[in-house]
Structure formats: structure tokens, C-alpha cells
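One letter stands for each residue in the lines below.
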Amino acid sequence: MPSTRPTKLPTPSTETGSTAQRERDSHVPVHPSGLRQSFTAASYDSLDEAASQQGKNSPPLSPRSPPANTENDVDVRARSNLTFAGPSFHMPSIHEAATESTSLLGRPLDFGEQAHEGPCNHGTFSPRPGSPTGSGLGGVFDDAFSASHTDTESDSGSVGRSLIDGVAGGSGSGASQPGRDGKNKRTKSWKRQLSSGIKSKKMSTSSALARQHGVKASALTFLSYYVPVLVWAPEYNWSYFKGDFVAALTVAGMYVPMALSLAANLAHVPPIHGLYSFVFNPLIYALLGSCPSMIVGPEAAGSLLVGTVIKASVDLGRGGDDDNVLHGTICGVIAGTAGAMVLLAGVARLGFLDSVLSRPFLRGFISAIGVVIAVDQLIPELGLSHIPGIGHASSVDKMRLILTNLDKVHGLTFAVAGTSFLVIMVCREVKRRLQARYPGMAYVPDRFLVVVFSAILAYYFEWDKAGVAVLGKVEAASGHLFTFRWPFQPSHITYIRDAMGTSFLIALLGFFESSVAAKSLGGREAFAGIQLSPNRELVALGTANLIGSCFMSLPAFGGYGRSKVNQATGGKTPMASIMLAFFTLICILFLLPWFYYLPKPVLSSLISVVAWSLIEECPHDILFFLRIRAWEELGLMLIILLATIFYSLTLGMAIGVGLSLLQVIRHATRPRIQILGRIPGTNRFENAEANSDRLEFIEGCLIVKIPEPLTFANTGELKSRLRRLELYGTSLAHPALPRLRREDSNKNIIFDIHGVTSLDGSGTQVLEEIVRGYTARGVRVFFSRGPGPNSKVGRLLRRSGIVDLVGGEDHFVDDVHDALKLTEAEEVAA
């Protein structure tokens, strides 16, 4: 007999009479079903009561059941005034007038309220009951979307257009006022045409919603979202000025010497390039950034990576160690390339990229950078910079050279560096312990005081003549301050090619650290109109680095330490970043001669403190991964650490990024199909591999759940995974085993595709080949809980021929329970 789409049996009503009794008797299936009738939370007080009630009314059990007679079923349901799901008691309609006897809640904690008539095929997330139509916004949405659903082949843009028309007060093409449409079209100005061409669909919809609620949404409203200075500048007042001024002065005192040290000791460029990154980058970020209290500046990791590219360029014979002009050019190229990458990622809305690199990779790589920095700074701290080749060796080779030349250590240099390091570490620990009790401790610029005091001592005792290296004259390599040089000149192609990989990692690490800092600082802002956005952060950081690179500044990103100091000392608005840029500019214009006697060992000790902070969190992560036995993560950290220390930073970077991407790809391409079994006494199905001891299987049926979208990435192994389920009943069995599952156990294949929310061309082709193979072997194929026939997935299934291959739309049912009844019906008919 022809197969029909099964429906659930209605609950028997209390209607009496021979006619009704004959109708109900004629509806009883010829072959009794072992599948329990469905029940809702509103029908019984407990699962035990439901099971006992079903045991009274159910015939003897069998594995599966035939489909119900649809016509009779509808007839009985109409006579009995019953519904498929939901409460069996009468609920007042939303259109009925409320009276004094109308209860506020029809039934307390009733989860069975029906969203619509007929069987529910929405799975867990069912739609809410329909709202009454009216003049409110809900009616507008109802009209818009009901109009869009009448034409199943219309594109998604029609929904937005109908929504906007409804919100704007129009009622379609036929509702326009006579004589006005043509006049409006003729008198439409070129500005309006340009504005409508630039506006995105989201902006148009937002404008319509704003008009509906009486909110003004001009072009400046949308522009201020992307340029936050338009939000905070009009609201800025003098009450913020004191905090911003003190915070900017404190940050400048602590981190301007750090910028000099990062440039000279890690990036191997003239120190003034570190100051440039505290002029342009904070200024641009203050205008475009979405985190008002974050301070942008150079970082140790990025500076070290710049230094590796410069060293590699020297090793290739493209300049000497003293060619400051070339080194500044390469620094600008790296910053410009990294800035361009970040900016393009922001325009492309790739703000999710901070999740690409795994936590073990970041922790392993950052810890490795800390070790490399610590070893690098030991050389100037011990006064061993004069040893030939020590600056271009790996970290292990540097340690070997240091140990073999301990007799050449300069005593005064080591004493100055060691004392500075100890003083800074003690002050750091004291401030950490006392800041909660005495918030004013945050205002103490300990690093600035150490640098100033050491410079005074170096000048008074003439340490430079005693063999202690000093910073010397700080000037631009070109001889002119703020020399503009576009980084993407044709003559720089060689440097761009050499710096491409390193620039990508600088951009990724910089954005990751900025993202962590912004999220940690968020929620305590002075301006409610500024919302944190990863994509706008990418645009702001990319633009800042691109502009800074034109003056050959170091790459600069947001740092949590600087930003925390800024916030703790009273900085609440982006004006603190602007003031920081102003103070740094004053240093460049007027105070450079005063930097002459800064001892290089003291600057190296500042960097060593940063290296310590990079390493100190690694033991905590290692202990955590050991406790949870995450051997894969520990192995990744160890590989990156060893490759970086024993070979080079570039190799550790390449291995870490490669392994992280392989993990992402492996996770994305592995099919997550499951074989389902039924919970005894219910019509619920669960993963049989996880609960095989308490589930029952249906004879002759293989129920497979596909809980994810099917794309080219995850369909490569779908055939082999399905084949393993057919042979062994589990995907955990080794393929070397002989067949464990009988051939007749797979006469019916039921795919639960509730999770297949999207489907691309490659996934459709693989699914079609799988279905064609099953039908060629005489296996019946059914799909349950699939998307609607007018959805994108439904259209792909129809156009690819899958619907025809399985036997038509009757093989697409609402749930697994209906599919099982249909399999038995077709077996009986055969």
C-alpha cells in the first residue's frame, strides 16, 4: 500500500457512543506497535503515571508500528476537539475578552502550551505561541514575515524590504498616496541616493526601527559607532581631566624608559623609534578605539620579533649591525605590514580570530619568548656584548657562550643591573600586596625613579668612563625627527617578503593581548555610548600601526599592565592616551639630551622584569594541565618551548602556528555522527555509544544522528564513519575487526538531521552519493527532523535528487518515532 506521512495518535477522548467507538476501533493499527504513544508534560503528573497509563491502553509490544490512517486521524481529532501536543484542558484564546474569572495563568508551570496546530517538527527549540496582531511592532514583523513566506523562492532581501516598509508605515506598493510617489522619485536629491547606496541592510532596518520608536537615527548616529571620539568628546568635562592627567603622567614615567629599552635592546633599532610608538599609536587609538581606558604601546614580544627579522637581514648581508637607517626602515615595514593585516581583518569582520590560537600555544610561545628575552638581556647585564657572534646565536648557544666567558664579566655593570632588577622586583611585590589596602601605591612610579636615580649616579660618578654602557645620544637615524617614509614602496618588496610571516604573528599576538586587555577592562567605562567590539578594535589597532609605520615606529598594541596602571591612577577616558602622546612628544622635542646617561644595564633590567612576568604564569598552567591529564596540550607547550630555545624564535613560531591550525582543521573535519538507541519505555533516543547499557535498539534499523552542518570540511570521512557504524554499531571499533553487526540489521537507515542547519555543494554531493549507494543495495532511507522543504537545505535536497532517491517527501518525517512506524508500514506493504 502507498506510504503516507505518519502522525501521532491522539489521546482518546471521553466521547461515548457506538459511532465514535467504531471510529476509534477502526483506527487501531493491524500490527500492534512497540513504540509508546507520546505524552506531554501537561498530560500527566509524573513519568511513572504516564508509563502506567500507557501500559493500560497499549496493545502488546512489537519492535515497530505502521503509520496511522491520516484521514481518520484528522477526523477523530476534529470530533474530539483534541490537539497533537500540549494541554488537554481548554485555554482561552488571545482574542477572547478577559473577565474576572479569567485566571492569570491557565495552569501553573505548564510547559505544554501549543505553538501551532498540527505536529511540531521544531525539536527542542519550538516557536512561541503567536502574538495578537495589532498596531504594535509585533504586527509589523508578522506582516513582513508572513508576506515573505508566501513566496518561497523569494530572496532574503524581500524580508528586509517588507519589514522596512511595514515599520515605515507603508502597506505595500498599493498603499502609497496618489500623486506623491512619482513626485518623490523625481525630487529625490543626489545626497539621498548616495546615502541609500552606502547604507547596509542592517543600517536601513535599524533606521526603520528607530523611526518606529521615535528615536532619531541620523548618519552621525552610525558614524559615531565607528568613530567613538564623536561619542566621548562632546561628553568630556573637567571632572575627568585630573584623573586623566595624573594617569598619563604616571604611565609616561613608567613606560617611556621601557620604550627606549625595547627599541635598543630587543628590536635593535635606534631608541627614538620606541618613543614614536607612544606618540602616534595612542593618539589614533584614542580616536577610533572602543575601550576608553586601554593604553596602546610597544610590547616585548613584538619588539623581539622585530629584532629577529633585523638580525636575519644582517645575516643575509643586507646591511651591518650599525646601519640604523636600514634597521629603522625594516621596523617601519614590519609595523606597516602588521597594521595592514589587522586593518584588513577588521574590515572583513574577522574579530573572532583571537580564538584561532589555542591557550597552550599562546602560553608555550609567550613563555618561550620570556626565556629568550631573559637570556638576551643577560648579555648586556653582564657586560659581554663585545664577544663576537653572541648576538646572533640561539638561546642555548648564548647560554653556552655566557658560561664559557664568565671570567670576562664586568663587575660594575653586573652590580648596577642586579641592583636595579632587585629593587624593581621588590617594589613590584610590595605594590601588589599593599595596593588593595592603600590605593595610592599605584601612583608610585618605581621604574621611573630607578631610571632617573641611576642616570644621576652614572653622570655624577662617570660610569661611562668606568666601562658601563650608557644609552648615548638619542637621535633619528636620518637626522630629522618624524621623517615620513611610506612602508610599502617598491624598493621595500624584499623586506616585506622577509617580514610577512613575522608580521602576521605580531598582528595575531598583538590583537590577542589587546583583546584580553579590553575584555578585562570592559564594563567600567565612563561613556555608555561606547561599546566594545572586536572588529572595531582591529580597525583601530590596524590604523594606528599603519600610521605609526609611516614614521618607523615599533608595532604597538594594547597591554593589560599599562592599561591597569592607567585605570588605577584615575584614567577613565581616551584623553589619557592623548595626554600620554603629548608627554612623549615633549620628551622627543625637548628632553632627548637628558637621556644620554641612562645606563644600558638598568634598561636591560627593566626588560628582565618583563621577561619574568611572561614566565611566571607558565607553572600554573602546567600544573593545571597535569591535574586534568591534558597530555596533548602539555606536549604542544613543550614542543614550542624546546624549538624556540634550542633553535630559533622563527621555528618555534612556525611549529606552534602549524600545530594549532592542524588542531582546528582536525576538529572541523571530523564527523560527529552518532548511532542512536531508544530509552526503554519512552520515545526518546540518545547516543548509544555513551549509554549502550541502558538503551534498546530497533531490529532492522540503524538510526544515525548528524548533529552539525554538512560542508566540504566534515564530509570527507562521512562515508567511512557510516560504514563503520554499519559493520560494528559504533565508531570506536577498530576497522581491522571482522563484521560484528548483521547485514539485515541495516535494512532501514534513519538519518536524524535536526542539526544540519546548513549544507553546501560538496556536502550535498557526498550525501547524495551515500543515499544512492543505500538505495542501490535495497536499503530504505528516511530523514527525520529535517529543515522545511522551502529552506535552503530543503531546496538543496530536492534539487540534488535526494528526495526522489529515498522515495519522495513521505520519507521526510517529523521525528524518529514516525520514521520507525513508517519502516514497519513499508515492510508490511512489501
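About the cut-offs
- Residues numbered from 1 in each chain as written.
- Predicted model: local features only at pLDDT ≥ 70, side-chain atom pairs only at ≥ 80, totals over all residues.
- Heavy atoms only, no water.
- Helix = DSSP H or I, 4+ residues; strand = E, 2+ residues; numbered from the N terminus.
- Buried < 20%, exposed > 50% of the residue type's maximum accessible area, 1.4 Å probe, protein only.
- Contact = heavy atoms within 4.5 Å.
- Areas by Shrake-Rupley, 256 points an atom, 1.4 Å probe, with all protein chains shown as cover.
- Salt bridge = Lys/Arg side-chain N within 4 Å of Asp/Glu carboxyl O.
- Pairing = 2+ DSSP bridges.
- Phe/Tyr/Trp six-rings, centres within 6.5 Å; stacked < 30°, edge-to-face > 60°.
- Lys NZ or Arg CZ within 6 Å of the ring centre and 35° of its normal.
- Polar contact = N/O pair within 3.5 Å; in protein donor to acceptor, adjacent residues only side chain to side chain.
- 1 Å grid on protein atoms, 1.4 Å probe; cavity = no way out; pocket = protein on both sides within 12 Å on 5 of 7 lines; lining within 4 Å.
- Points joined across faces, edges and corners; volume = space filled by probe spheres on them.
- Nonpolar A, V, L, I, M, F, W, Y, C, P; charged D, E, K, R; others polar.
- Expected span 1.5 Å × (residues − 1).
- Core = buried A, V, L, I, M, F, W, Y, C linked by side-chain atoms within 4.5 Å.
- Axes fitted to C-alpha atoms, helices over the stretch in contact; angles between N-to-C directions.
- Left-handed = near helix turned anticlockwise from the far one by under 90°.
- Parallel < 35°, antiparallel > 145°, perpendicular 65-115°, else oblique.
- Patch = residues over 30% accessible without salt bridge, like charges linked within 9 Å, V, L, I, M, F, W, Y side chains within 5 Å.
- Lys, Arg positive; Asp, Glu negative; His and termini not counted.
- Charge placed at Lys NZ, Arg CZ, Asp CG, Glu CD.

Asker: Got a minute to help me understand the overall build of the chain in this structure?
Answerer: What the chain contains, in helices and strands, is 32 helices and eight strands. Going through the 830 residues of the chain one by one, you find that 44% of them count as buried. A sequence separation of at least 24 residues applies to 79% of the contacts in the chain between residues at least 6 apart. Roughly 42,400 Å² of accessible area belongs to the chain as shown, and the carbon and sulfur atoms make up 60% of that amount.

Asker: Explain the pattern of salt bridges here, please?
Answerer: Pairs can form between side chains of opposite charge whenever their charged atoms are close. Within the structure shown, the criterion is met by 27 salt bridges. A salt bridge links lysine 431 to aspartate 446, with the shortest nitrogen-to-oxygen separation between them at 3.5 Å. Of the two residues, lysine 431 sits in helix H18 (residues 411-434) while aspartate 446 sits in helix H19 (residues 446-461), which places them 15 residues apart along the sequence. Just as lysine 431 is buried, aspartate 446 falls in that class too. Notably, a salt bridge pairs glutamate 827 with arginine 780, separated by 3.5 Å at the nearest N-O pair. Of this pair, glutamate 827 sits in helix H32 (residues 816-829) while arginine 780 is found in strand S7 (residues 780-784), placing the two residues 47 residues apart along the sequence. By relative accessible area, which is 23% here, arginine 780 ends up partly exposed. One network of salt bridges, with partners in common, ties together Arg723, Glu726, Arg739, Glu743 and Arg777.

Asker: How should I be thinking about the sheet that holds strand S5 (residues 701-705) in this particular structure?
Answerer: In sheet architecture, strand pairing relies on hydrogen bonds along the backbone and comes in two forms, parallel and antiparallel. Reading across from one edge, S4-S3-S5-S6-S7-S8 is the order of the six strands in this open sheet, with mixed pairing throughout. At either end of the open sheet lies a strand with only one pairing partner, and these are strand S4 (685-687) and strand S8 (812-813). Note: S7 against S8, two bridges, orientation parallel. Within the sheet, the bridge partner assigned to phenylalanine 783 lies in S8 and is phenylalanine 812.

Asker: Teacher, can you tell me more about the packing of aromatic side chains here?
Answerer: Two aromatic rings, taken as a pair, are described by how far apart their centres are and by the angle between their planes. Counted by the stated rule, this structure contains 20 aromatic pairs. By the ring-pair criterion, three or more aromatic residues cluster together here, those being Trp238, Phe241, Phe245, Phe582 and Phe583. The ring centre of tyrosine 225 lies 3.9 Å from the NZ or CZ of arginine 536, which sits over that ring.

Asker: Got a minute to help me understand the environment of serine 277 in this structure?
Answerer: Within the element layout of this structure, serine 277 appears in the loop between helix H12 (272-276) and helix H13 (280-288). Accessibility expressed as a relative area gives 0% for serine 277, which makes it buried. Excluding its chain neighbours within four sequence positions, the residues that come into contact with serine 277 are Pro282, Val296, Gly297, Pro298, Ser553, Leu554 and Ala556. In terms of polar contacts, serine 277 uses its side chain to reach the backbone carbonyl oxygen of glycine 274, at 2.5 Å.

Asker: Honestly, the side chain of asparagine 545 in this entry has me stumped. Any pointers?
Answerer: Mapped onto the secondary structure, asparagine 545 falls in helix H21 (residues 534-549). The class of asparagine 545 is buried, set by a relative accessible area of 1%. Aside from chain neighbours lying at most four places away, what touches asparagine 545 is Asn281, Ala335, Gly339, Leu554, Pro555, Ala556 and Phe557.

Asker: I would appreciate a short explanation of the pairing of strand S3 (residues 674-678) in the present structure.
Answerer: Successive side chains on a regular strand alternate, one facing one side of the sheet and the next facing the other. For S3, the tally of buried residues reaches four of five residues, placing the bulk of the element in the interior. Looking at chain direction, S3 and S5 are connected through two bridges and run antiparallel. Across the sheet, glutamine 674 pairs through a bridge with lysine 705, a residue of S5. Two elements, S3 and S4, share three bridges in a ladder whose sense is antiparallel. Bridging across to S4, glycine 677 finds its partner in glutamate 686.

Asker: Even after reading the chapter, I still don't get empty space enclosed by the protein, so can you show me in this structure?
Answerer: Gaps left between atoms show up when a probe the size of a water molecule is rolled over them. Under the defined criterion, the tally for this structure stands at four cavities of 30 Å³ or more. Space inside the largest cavity adds up to approximately 80 Å³. At the level of secondary structure, the elements contributing two or more residues to the lining of the largest cavity comprise H12 and helix H15 (324-347). Classifying every residue of the lining of the largest cavity by side-chain character gives seven nonpolar, six polar and one charged. The computed volume of the second largest cavity comes to approximately 50 Å³. Ile706, Leu710, Ile753, Val756, Leu767, Phe783, Val793 and Leu797 together form the lining of the second largest cavity. Here the residues of the lining of the second largest cavity are counted per class, giving eight nonpolar, no polar and no charged.

Asker: So what exactly am I meant to see when it comes to helix H29 (residues 761-776) here?
Answerer: Side chains of residues three or four places apart in an α-helix project in the same direction, reflecting 3.6 residues per turn. Spanning 16 residues, H29 covers 22 Å between terminal C-alpha atoms, matching the ideal 22 Å at 1.5 Å per step. Regarding H29, the residues found buried are Gly763, Thr764, Val766, Leu767, Glu768, Ile770, Val771 and Tyr774. On its buried side, H29 packs onto helix H28 (718-728), strand S6 (748-752), S7, helix H30 (792-799) and helix H31 (802-806). Looking one or two places after H29, you find glycine 778, whose phi comes out positive at around 80°.

Asker: Mind showing me how you'd approach the nonpolar core here?
Answerer: Across soluble globular proteins, nonpolar side chains show a tendency to be buried alongside one another. Phe361, Phe365, Ile369, Ile373, Leu505 and Phe595 are the most contacted members of the largest nonpolar core, which has 110 residues in total. Broken down by element, this core gets its largest block of residues, 13 residues, from helix H11 (residues 241-267). Listed in part, the 31 residues of the second largest apolar core include Ile679, Ile749, Val779 and Leu797.

Asker: For this particular structure, what's the right way to read the environment of glycine 274?
Answerer: Inspection of the secondary structure assignment puts glycine 274 in helix H12. On a C-alpha basis, the gap between glycine 274 and serine 303 in space is 9.2 Å, while along the polypeptide they are 29 residues apart. Setting aside its immediate chain neighbours within four residues, glycine 274 contacts Ala259, Ala263, Pro298 and Leu554.

Asker: It is not clear to me how the packing of H28 against H29 should be interpreted in this structure. Could you clarify?
Answerer: In a packed pair of helices, the relevant descriptors are the angle between the two axes and the axis-to-axis distance. Contact geometry for H28 and H29: axes closest at 10 Å, N-to-C directions at 35°. As for the relative orientation of H28 and H29, their crossing is right-handed in sense. Packed against H28, whose contacting residues are Leu718, Lys719, Leu722 and Glu726, the element H29 presents Val766, Glu769, Ile770 and Tyr774 at the interface. Partitioned by chemical class, the residues of the contact of H28 with H29 number five nonpolar, no polar and three charged.

Asker: For this particular structure, what's the right way to read the layout of surface pockets?
Answerer: Computed from the structure, the second largest pocket encloses a volume of approximately 1,700 Å³. When contributions to the lining of the second largest pocket are tallied by element, the ones reaching two or more residues are H11, helix H14 (300-315), helix H16 (359-382), H18, H19, helix H20 (493-521), helix H22 (560-568) and helix H24 (600-615). When residues of the lining of the second largest pocket are assigned to their parent elements, the largest contribution, eight residues, is made by H20. Across the lining of the second largest pocket, the residue classes tally to 26 nonpolar, eight polar and 14 charged.

Asker: I'm lost on the packing of H15 against H20 in this one. Help?
Answerer: Their axes nearest at 8 Å, the elements H15 and H20 cross at an angle of 55°. Relative to H20, H15 is oriented oblique. Here H15 runs over H20; the crossing is right-handed. Counting all contacts with H15, which are made through Leu326, Ile330, Val333, Ile334, Thr337, Ala338, Met341 and Val342, the residues of H20 involved are Tyr495, Ile496, Ala499, Met500, Ser503, Phe504, Ile506 and Ala507.

Asker: When you look at a negative patch on the surface in this model, what are you seeing that I'm missing?
Answerer: Together, Asp315, Asp321, Asp322 and Asp323 give the surface a local cluster of negative charge. Considering the arrangement of structural elements, one finds aspartate 322 in the loop between H14 and H15.

Asker: Would you explain a nonpolar patch on the surface in this entry?
Answerer: A contiguous nonpolar patch, built from Val444, Phe448, Leu449, Val452 and Ile456 and spanning about 390 Å² of accessible area, is present on the exposed surface. Relative to the assigned elements, valine 444 resides in the loop between H18 and H19. Take valine 444: its relative accessible area is 33%, and that puts it in the partly exposed class.

Asker: Can you help me understand unusual backbone geometry in this one?
Answerer: One can expect most non-glycine residues to show negative phi and most peptide bonds to be in trans. In this structure, arginine 349 is a non-glycine residue whose phi angle is positive, near 60°. Inspection of the secondary structure puts arginine 349 in the loop between H15 and H16. Backbone geometry at arginine 629 places phi at a positive 60°, although glycine is not the residue there. Here arginine 629 is to be found in the loop between helix H25 (618-627) and helix H26 (631-646).

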